[in-house]
Amino acid sequence: MTSSTLGKDLTGLEHMTPDQIRLILDTAEPFKEVSERPIKKVPALRGKTIVNLFFEASTRTRISFEFAEKRLSADTVNVAATGSSVSKGETLVDTARNLEAMRIDMVVIRHPSSGAAEFLGNRIASNVINAGDGKHEHPTQALLDLLSIRDKHGKIAGLKVCLVGDVLHSRVARSNLWGLTKLGAEVAVCGPRTLMPRGIEELGVRVFGRVEEAIEWGADVLNVLRLQLERMETGFIPSLREYYRVFGVTPERLERSPKPITIMHPGPMNRGVEIDSRVADGPHSIILDQVTNGVAVRMAVLYLLAGGRAELADAAKRGSE
Amino acid sequence: MVLQGGRVIDPSRDLDEPADVLIQDGKITAVGRGLTAPDGALVRNVKGRIVAPGLVDLHVHLREPGNEDEETVASGARAAAAGGFTAICAMPNTDPVTDNQAAVGFIVRQSGLAGLARVHPIGAVSIGQKGERLAEFGEMVSAGAVAVSDDGKPVVSSHLMRTALEYARTFHVPVADHCEDPTLAAGGVMHEGLVSTRLGLKGIPAASEEIMVARDVVLAELTGGHVHLCHMSCRGSVAIIREAKERGIRVTAEVTPHHLTLTDYACEEYDTHAKMNPPLREAADVAALRGALKEGVIDCIASDHAPHAYDEKEAAFDDAPFGVVGLETAFAVAHTELVESGLFTLPQLIRRMSTDPARVFHLPGGGGTLAPGSVADVAVFDTTAKWSVDPAAFHSKSRNTPFTGRALTGRAVLTIVAGTIVHEL
């Protein structure tokens, strides 16, 4: 089976259409329920072989993909960069060709180099899903963010969403930016100027220097990005303490808003740095809903790329009944 | 030998007219109409063709010694001849580095053995190109070096650059600098701008080049030395050079065919054949570089021919090496983009690819002219030939070009070095 609706690979949201994005979100809906069953398994991908190829450390994304694959009854293999031939100097293209020679169906790849997923997708016949490439994109994270926003607010179009923090180094920010703008949200970014990429305003987003400005703007959602702790050593910020004091998302700052603001975070969180614990654990946080939705969205992506048709997703999940 | 019936363009004498060229004993002995061929002379009918001084490239990387699988002096000289070049200058970032008279002599010997385009060595500024101690300029120049450079890397230390400029004055050679502030460029793989932001690739800001251009100009003024600025890529550099030249500072500069024709959008799809240092920049930079070359603010075109094995470029963008080959496409790309577009006349282009670069490095034996009495380094071009770039047909050992498949007009059909044919189509 080949997929006609999404193409062969999912490498990023930049070149997807709004309809393709909506299709994934809509397809995720029936899959949410699978994870609530006592027997969390449907036969949609029975007989498919999927390799999770992780060249970078990951806990949440790798586990989420693995659950999604197993709940769709696929056979999965995990390959981590350490301990594999990759650590012995094998090139990405050789790794790809060797996997291909073992006749697999799909590869989920995470890689520290931007463009690595596209590189792989252009060289092998299997479907390739980008689980994060360098500072480029992390499309399934943005898709689960979109689904979580839609669950909470009932819509995405017209909402004001601000990405807060280290946008420069964030693939989550880039994917969110494309997904949100394509679905009609107003998007802003906010953080220290040292962590804002060059030319970002040309992508149709507002740029704020302070969290207070984003709140005054009337943000409905703050998606708080993880601050990589090594940014301090590389001179982008002076200290974590000052970062928290100036840019941290705290209850005191949120109190300025006349309406409740939905709080999101792609994880893992640095409590007391980019986000205050009281906010992360507060009533308007949907951080754990994001994690739950991650499995459903990844099931939808795997299912659609394998050639499944959206209208059959319901039937697919009933397959074992 | 007689080249009969061509259009002779010799920018060194502002000559552009139909004429025959007579070559005897490796020298040009006459240029004029209706020359009679001496008995037994080789005659080439070049009617409808352009007869010009052979092209001169001040900036190539030939990988010998060290990476002979990517290029050798001989294969580079063969590629040069095919591109209409009769003289090329080889950068010293080989393995080991060309930083002493023996290493310089090796390049001269390999060039002589190849007997194709002349290969002039450039010696290193610092021993091992480590940026610490000056290399022996005097001995290297005696052995045949035509300039000194740590190209591939900038001369980071301002003190070293100052002493290099001062010391090089004694030997009348320029110091060629790769202008890059390493603290701003660190980790960067393409131009810093909208495209790098979208692709999530670390950018190299234009300021990284401009800062070093400004510093080098200041040091050239301080020392009275001749600084040659390699592969200029951005409009800010152009402004600094223009102002320096107006003030009479001894600065010369070069620009590559790719920086004159491509922008950072060529990096879309993570095409590693568009990865070079300095990076491809924006349309406004391309426009400024073209204008500067036309005005003479930038003196010449140089290819920065940088061969790499095919599998090195077959990698993620971050992991691929910088650089593209250029000897076999330089003239055609420049001719198509600058002359066919009406921006340059053909004599203006030949000046910037032959007469001016030969002048900038004061090449031994001359070059860049067809004046009677000068050495017979000649290129004949068919400026109507249409062809498309097929890397598999290159004479270079490497194939890493950003111009694959591009339709071009104009190519060298005959290249002559010291009266000997080294390339003929």
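None of the values given here were measured: they were computed from a predicted structure.

Trainee: Hey, could you go over the overall build of chain B for me, with residue numbers and the actual values?
Mentor: Helix and strand content of chain B: 12 helices and 18 strands. The C-alpha radius of gyration of chain B comes to 20 Å, within 12% of the 22 Å expected for a compact globule of 425 residues. Overall, chain B is about 65 × 45 × 45 Å in size when its C-alpha atoms are taken along their principal axes. Counting the 425 residues in chain B, one finds 62% classified as buried. Considering only residue pairs separated by 6 or more positions, chain B has 74% of its internal contacts joining residues 24 or more positions apart. When the accessible area of chain B is evaluated, it comes to approximately 14,600 Å², of which 51% is carbon and sulfur surface.

Trainee: Quick rundown of unusual backbone geometry? Include the residues and the values.
Mentor: Backbone geometry follows two general trends: most residues other than glycine have a negative phi, and most peptide bonds adopt the trans configuration. The step from Gly 267 of chain A to Pro 268 of chain A runs through a cis peptide bond, and the omega angle for that step is -10 degrees. With respect to the helices, strands and loops of the structure, Pro 268 of chain A is situated in the loop between strand E9 (262–264) and helix H10 (277–280). Along the chain, Asn 277 of chain B connects to Pro 278 of chain B via a cis peptide bond; the corresponding omega equals 5 degrees. Assignment of secondary structure puts Pro 278 of chain B in the loop between strand E14 (251–255) and helix H9 (283–295). Residues other than glycine seldom take positive phi values, yet Arg 63 of chain B does so here, at roughly 65 degrees.

Trainee: Can you break down the packing of helix H4 (residues 158–169) of chain B against helix H7 (residues 206–223) of chain B residue by residue, with the values?
Mentor: Residues and elements named next belong to chain B. Where H4 meets H7, the axes come as close as 9 Å, and the angle between the chain directions of the two elements is 45 degrees. Taken together, the axis directions place H4 and H7 in an arrangement best described as oblique. H4 and H7 meet at a crossing whose hand is right-handed. Along its contact with H4, which presents Ser 158, Met 161, Arg 162, Leu 165, Glu 166 and Arg 169, the element H7 presents Arg 215, Asp 216, Leu 219, Ala 220, Leu 222 and Thr 223. Class assignment of the residues belonging to the contact of H4 with H7 gives a composition of five nonpolar, two polar and five charged.

Trainee: So, the interface of chain A and chain B: which residues are in play, and what are the values?
Mentor: Taken together, the contacts link 21 residues of chain A with 17 residues of chain B. Approximately 1,600 Å² of surface area, both sides summed, lies buried where chain A meets chain B, with 50% of it carried by carbon and sulfur atoms. A per-residue breakdown of the area chain A buries against chain B is headed by Ser 114, Phe 119 and Arg 198 of chain A, which together make up 31% of the total. If you look at where chain A meets chain B, you find three salt bridges. For Arg 123 of chain A, the salt bridge goes to Glu 314 of chain B, with nearest N and O atoms at 2.5 Å. Only helix H3 (92–101), helix H4 (116–121) and helix H6 (171–182) of chain A provide two or more residues apiece to the side of chain A that touches chain B. Looking at side-chain class alone, the side of chain A that touches chain B contains six nonpolar, six polar and nine charged residues.

Trainee: Please provide a residue-by-residue account of the state of the cysteines, values included.
Mentor: Residue and element names in this part refer to chain B. Counting across every chain of the model gives zero disulfides over all chains. The structure places no disulfide on Cys 89, whose sulfur is separated from the nearest cysteine sulfur, that of Cys 300, by 9.5 Å. Residue Cys 89 is classed as buried on the basis of its relative accessible area, which comes to 0%. With no disulfide of its own, Cys 230 has Cys 179 as its nearest cysteine by sulfur position, at a separation of 7.2 Å.

Trainee: With reference to specific residues and values, describe the pairing of strand E2 (residues 15–24) of chain B.
Mentor: Residue and element names in this part refer to chain B. In this structure, strand E1 (residues 2–10) lies alongside E2, joined through seven bridges in antiparallel fashion. Each residue of the ladder has a partner; that of Gly 6, found in E2, is Ala 19. Following E1, the chain reverses through four residues before pairing antiparallel with E2; Asp 14 in that reversal takes a positive phi of roughly 50 degrees. Where E2 and strand E3 (residues 27–32) come together, five bridges link them in antiparallel fashion. Bridging from a neighbouring strand, Val 21 pairs with Val 31 of E3. Between the antiparallel neighbours E2 and E3 lie two residues, among them Asp 25 with a positive phi of about 55 degrees.

What counts, and where the lines are drawn
Residues numbered from 1 in each chain as written. Chains lettered and ligands numbered in written order. Predicted model: local features only at pLDDT ≥ 70, side-chain atom pairs only at ≥ 80, totals over all residues. Heavy atoms only, no water. Helix = DSSP H or I, 4+ residues; strand = E, 2+ residues; numbered from the N terminus. Rg over C-alpha atoms; globule rule 2.2 N^0.38 Å. Buried < 20%, exposed > 50% of the residue type's maximum accessible area, 1.4 Å probe, protein only. Contact = heavy atoms within 4.5 Å. Areas by Shrake-Rupley, 256 points an atom, 1.4 Å probe, with all protein chains shown as cover. Axes fitted to C-alpha atoms, helices over the stretch in contact; angles between N-to-C directions. Parallel < 35°, antiparallel > 145°, perpendicular 65-115°, else oblique. Left-handed = near helix turned anticlockwise from the far one by under 90°. Nonpolar A, V, L, I, M, F, W, Y, C, P; charged D, E, K, R; others polar. Buried area = accessible area lost by both parts, 1.4 Å probe. Salt bridge = Lys/Arg side-chain N within 4 Å of Asp/Glu carboxyl O. Disulfide = S-S within 2.5 Å. Pairing = 2+ DSSP bridges.

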